[in-house]
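# Summary of structural features
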Amino acid sequence: MALAPFFDRIYGAVGMHLSVSRENLSSSLESTVVGIHCGPNLNPNERIIAELTVNLAARLYPKLAIIGQDVDVEWLKSLALEINPDIEIVANAIGETSICVGSTNVEGAIYPSASGWVARVSHQPPLSGGIENPYAASAASALACSELFRRIFLHSKQEPDLSISLLDFGSNAGEHLELTTESIGDVLFVGVGAVGNAAIWAMSKDEKTRGTLTLLDNETVTLSNLQRYVLAAYSDVSKIKVELAASAMQHSALSVLTSQSTLEEFTPLLGWVQPPTTCISVDNVNGRRVAQALLPKLVINGWTGEGALGASWHEFSRNAACLACLYQPHGQGLSATQQAARAFGLLEERAATLWVTRAPLSNDERKAAAKVLGVKPAVLKPWRNKPIGELYTDVVCGAVPLDIGGAGRVEVVPLAHQSVLAGILMAVELLKRCQPELASISQPETLISWDDILRPAPKNWKKPRPRENGCICGDQVYQSVYREKWLV
Ligand SMILES: [Zn+2]
C-alpha cells in the first residue's frame, strides 16, 4: 500500500483534470516510479529545488526513487515519508520520469535550476552556480513538476527549455541580482490555503527580506489539504493553519503575527492602523472584493482556477484593474451553492435553500442529479440522507465515482504544482511591488497567468487588464478616500 491516505483528494484533482476513473488513476500511479536524482554538494538553490520537488512528488506519486550520495538525500526520504507515511521508496527510476538536481546526468530527465530571479527548466545538465534566490528555485521546481505531470498523464514528449525571469517574465532580467535586506513593510496576509502555503514556504527560505506579516485564516488543516499544502505533513492534520505557517517562518528575517480569523472577522478590530499592503489568496470571491474595498495602499493576489493559475498586483489610483475588477460578479468565480446548482441541475434558489438548511436532495432531485452527472441513480443512493453540501464536496473530491461526462460540471480541485506556482508568483509580486528597485524593472501589467496547465508553460505570461465599468475603482469618492489615506 503506497497510495497516500489522502488519495480521494488526489483523485478529486487529477481525476477532474484528466477525466480518468479512480481505478485507472490508482493503477497508473502504482505503476509509475518518479525519480529525484541529486548531484553531490548541492548549492542553496539546488537544495531548495530538491526539497520542493520531493515535497510535491510525495503528495501525488506513491513510488519515489530519491537518489544521490549527499547526506541530504536521507533527509529528503524522511520528508517524503512525513507527507505520505505509506509511500514506497525504491532504488531506481527511468530518466523519462525523473527530475535531476545539481551535477548529475540521467538521459531523458528534466533539469530545473535557478540563478537570481531567473527560473529554468532544461533537458541537459545546467551549468552549476547561480545567485541564491529561493523564489526562482521554487518556481523552477514547480515548473519541472508540471512537465513531469504532463509526461506521465498526458504522454507528452520533451518540452522546449524554459528560462523565465520572475521580474519581467522575459528570459533573463535579474539573473545576477542578489536579494536585499530591504523591508517590505507591514503586510496583511489573508488566507493560508494551498496558494498561501506555497508563498509562505518560499518566503521561509528567504533569510534576507525583512518586514512583518500578519497571517489571517480561521481554519485548521484537514487530511485532504495534504494533497497540495506544501507546509503540511501527515502529523499536521488538525493543526491551526496560521500557526503551522508561523512555525515554518522561524528562520526567515520576516516577523510573523497570527490571527485565527477571516478578513471579515478581523476587520472590526481595525482600531489598528491598517497595514499598507494586503496579500490575499482566499478561496472565495467575496473575501477578495472586501480586501479591495478596505482600500489598502497595495493589494497582491494569488489564485488558481479551472486549469489556470496566476497572480496580480493592484494600486487603486493606478489606471488599471483593481482587485475588485477581476472579481466583478459577472466575472470568474461562482459560489459553492451556484456550483452545486450547476453540478446537480437545480435552480440556484433551490440549491441555496437546501444548502442553508443542510437538507438532502429529494428522491426526484437525486435522480435528476444522477442524470446530469452522467451516472446511474444507484450511484448517488448512499447520499440520500446527507446534506447537499456533503454530496457536492464528495463529488468534487472524487468520492462519487463519475464518468467523463459529469467531470466538466463540477469545480476542479487544483493540482499541487499549480497551487504552488500561484503561491510563488504571489510572493514574488509582493517583494517586487514593495521594493522600489525591483519594481522599476518589473512588468507593468496587472495580471500574470498561465491559462492551461495541461499544456507547456506559456510564452506570454503578462495580461494587461483595464478597469471594469461600474467597479468601485471608477468611483470618485472611493478614489479620493484612497488618495487622502495614502497621500498619493
Ligand atoms: Zn476596479
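Residues numbered from 1 in each chain as written. Predicted model: local features only at pLDDT ≥ 70, side-chain atom pairs only at ≥ 80, totals over all residues. Heavy atoms only, no water.

### Details of the sheet that holds strand S3 (residues 88-89)
Spatial ordering of the open sheet is given by S3-S2-S1-S4, a layout of 4 strands whose pairing is parallel. Edge positions in the open sheet fall to S3 and strand S4 (98-101), since each of these has one partner strand only. Inspection of the sheet shows strand S2 (residues 63-67) paired to S3 by 2 bridges, in the parallel sense. Bridging from a neighbouring strand, Leu64 pairs with Ile89 of S3. Lying over the sheet, helix H4 (residues 72-83) contacts strand S1 (34-38), S2 and S3, oriented at roughly 165° with respect to S2. (Pairing = 2+ DSSP bridges. Helix = DSSP H or I, 4+ residues; strand = E, 2+ residues; numbered from the N terminus. Contact = heavy atoms within 4.5 Å. Axes fitted to C-alpha atoms, helices over the stretch in contact; angles between N-to-C directions.)

### What about empty space enclosed by the protein?
Unoccupied space between atoms shows up once a probe the size of one water molecule is rolled over them. In the structure shown here, the tally under the stated rule is 2 cavities of 30 Å³ or more. Approximately 140 Å³ is the volume found for the largest cavity. Around the largest cavity sit 13 residues that line it, and Leu56, Leu60, Tyr61, Ala416 and His417 are the ones nearest its centre. Of all elements in the fold, only helix H1 (7-18), helix H3 (44-58), helix H5 (134-154) and helix H17 (416-434) reach the threshold of two or more residues within the lining of the largest cavity. Tallied by class, residues from the lining of the largest cavity come to 10 nonpolar, 2 polar and 1 charged. Taken as a whole, the second largest cavity encloses approximately 40 Å³ of empty space. If you go around the second largest cavity, the residues you meet are Ala119, Leu143, Ile164, Leu166, Phe169, Leu421, Leu425 and Trp461. Tallied by class, the residues present in the lining of the second largest cavity amount to 8 nonpolar, no polar and no charged. Looking at which domains feed residues into the lining of the second largest cavity, each of domain 1 (7-165) and domain 2 (183-332 + 415-486) gives three or more. (1 Å grid on protein atoms, 1.4 Å probe; cavity = no way out; pocket = protein on both sides within 12 Å on 5 of 7 lines; lining within 4 Å. Points joined across faces, edges and corners; volume = space filled by probe spheres on them. Nonpolar A, V, L, I, M, F, W, Y, C, P; charged D, E, K, R; others polar. Domains from an automatic or database assignment.)

### Let's talk about the nonpolar core
Judged by nonpolar contacts, the single largest core of 109 residues is most densely connected at Tyr61, Tyr135, Phe153 and Met203. Ranked by residue count, the leading element in this core is H5, at 13 residues. Residues lining this core come from more than one domain, with at least three contributed by each of domain 1 (7-165) and domain 2 (183-332 + 415-486). When sequence neighbours within four positions are dropped, the list of residues in contact with Phe153 reads Val14, Leu18, Leu25, Ser28, Leu29, Leu60 and Tyr61. (Core = buried A, V, L, I, M, F, W, Y, C linked by side-chain atoms within 4.5 Å. Buried < 20%, exposed > 50% of the residue type's maximum accessible area, 1.4 Å probe, protein only.)

### Let's talk about H17
It helps to recall that an α-helix has 3.6 residues per turn; residues three or four apart then point in one direction. Helix length check: H17 (19 residues) gives 27 Å between terminal C-alpha atoms against 27 Å at 1.5 Å per residue, within 8%. Where burial is concerned, most of H17 is hidden: 19 out of the 19 residues are buried. (Expected span 1.5 Å × (residues − 1).)

### Focus: helix H19 (residues 476-486)
Taken together, the buried positions of H19 are occupied by Gln479, Tyr482 and Trp486. Buried residues of H19, viewed axially, fall in a sector of 65°; they line one side. Summarising the geometry of H19, the exposed residues directed more than 90 degrees from the buried face are Gln476, Val477 and Glu484. Residue Asp475 occupies the N-cap position of H19, its side-chain oxygen lying 2.7 Å from the main-chain nitrogen of Val477. Positive backbone phi, approximately 50°, marks Leu487, located one or two places after H19. (Arc of directions from axis to C-beta. Polar contact = N/O pair within 3.5 Å; in protein donor to acceptor, adjacent residues only side chain to side chain.)

### Considerations on the pairing of strand S10 (residues 254-259)
Pairing between strand S9 (residues 210-216) and S10: 6 bridges, direction parallel. Of the residues in S10, the one forming a bridge with Thr214 is Leu257. The handedness of the S9 to S10 crossover, carried by helix H7 (residues 241-248), is right-handed. (Right-handed = clockwise from strand over helix to strand, strands pointing away.)

### Things to note about the coordination of the zinc ion
Tetrahedral coordination by four donors sets the ideal angle at the metal to 109.5 degrees; octahedral coordination by six donors sets it to 90 or 180 degrees. Looking at the metal site, the zinc ion is ligated by Cys322 (SG), Cys325 (SG), Cys471 (SG) and Cys473 (SG), spaced 2.2 to 2.3 Å from it. In this structure, the zinc ion is coordinated by 4 donor atoms arranged in tetrahedral fashion, with angles at the metal of 97 to 123°. Motif for the zinc ion, donor spacing along one chain: C-x2-C-x145-C-x1-C. Take Cys322 and Cys325: they sit in the same class, and that class is buried. (Donors = N, O, S within 2.8 Å, 3.2 Å for Na, K, Ca; no water. Tetrahedral: all angles 85-135°; square planar, octahedral: opposite > 155°, others 65-115°.)

### Here's the deal with the layout of surface pockets
If you add up the space inside the second largest pocket, you get close to 700 Å³. Mapped onto the lining of the second largest pocket, the elements with two or more residues apiece are H3, H4, helix H6 (194-204) and H7. The biggest single contributor to the lining of the second largest pocket is H4, with 7 residues. Of the residues that constitute the lining of the second largest pocket, the class distribution is 15 nonpolar, 6 polar and 9 charged. Residue assignment places the lining of the second largest pocket across two domains, with domain 1 (7-165) and domain 2 (183-332 + 415-486) each supplying three or more.

### Looking at the pattern of salt bridges
Applying the stated criterion across every chain, the model contains 14 salt bridges. Salt-bridge contacts for Lys239 lead to Asp236; the nearest nitrogen and oxygen are separated by 2.7 Å. Relative accessible area serves as the criterion here: at 39%, Lys239 is assigned to the partly exposed category. Judged by its relative accessible area of 8%, Asp236 is buried. In this structure, a network of salt bridges that share partners links the residues Glu429, Lys432 and Arg433. (Salt bridge = Lys/Arg side-chain N within 4 Å of Asp/Glu carboxyl O.)

### Structural notes on the domain arrangement of the protein chain
How big an interface is tends to be stated in terms of accessible area lost as the parts join. Taken as a whole, the protein chain is organised into domain 1 (7-165), domain 2 (183-332 + 415-486) and domain 3 (336-407). Distance from the C-alpha centre of domain 2 to the C-alpha centre of domain 3: 32 Å.

### Section: the sheet that holds strand S5 (residues 111-115)
Spatial ordering of the open sheet is given by S5-S6-S7, a layout of 3 strands whose pairing is antiparallel. Each of the sheet's edge strands pairs with one partner strand only, and the pair in question is S5 and strand S7 (162-165). The sheet shows a mean angle of 15° between the axes of neighbouring strands, taken without regard to direction. Against the sheet, H5 touches S5, strand S6 (118-122) and S7, its axis set at about 30° to S6.

### Observations regarding unusual backbone geometry
Its identity as a non-glycine residue notwithstanding, Phe169 has a phi of 60°, on the positive side. Tracing the chain through its elements places Phe169 in the loop between S7 and strand S8 (183-190). Here the phi dihedral of Ser238 falls at roughly 75°; this positive angle occurs in a residue that is not glycine. As for its placement among the helices and strands, Ser238 is situated in the loop between S9 and H7. Judged by its relative accessible area of 54%, Ser238 falls in the exposed class.

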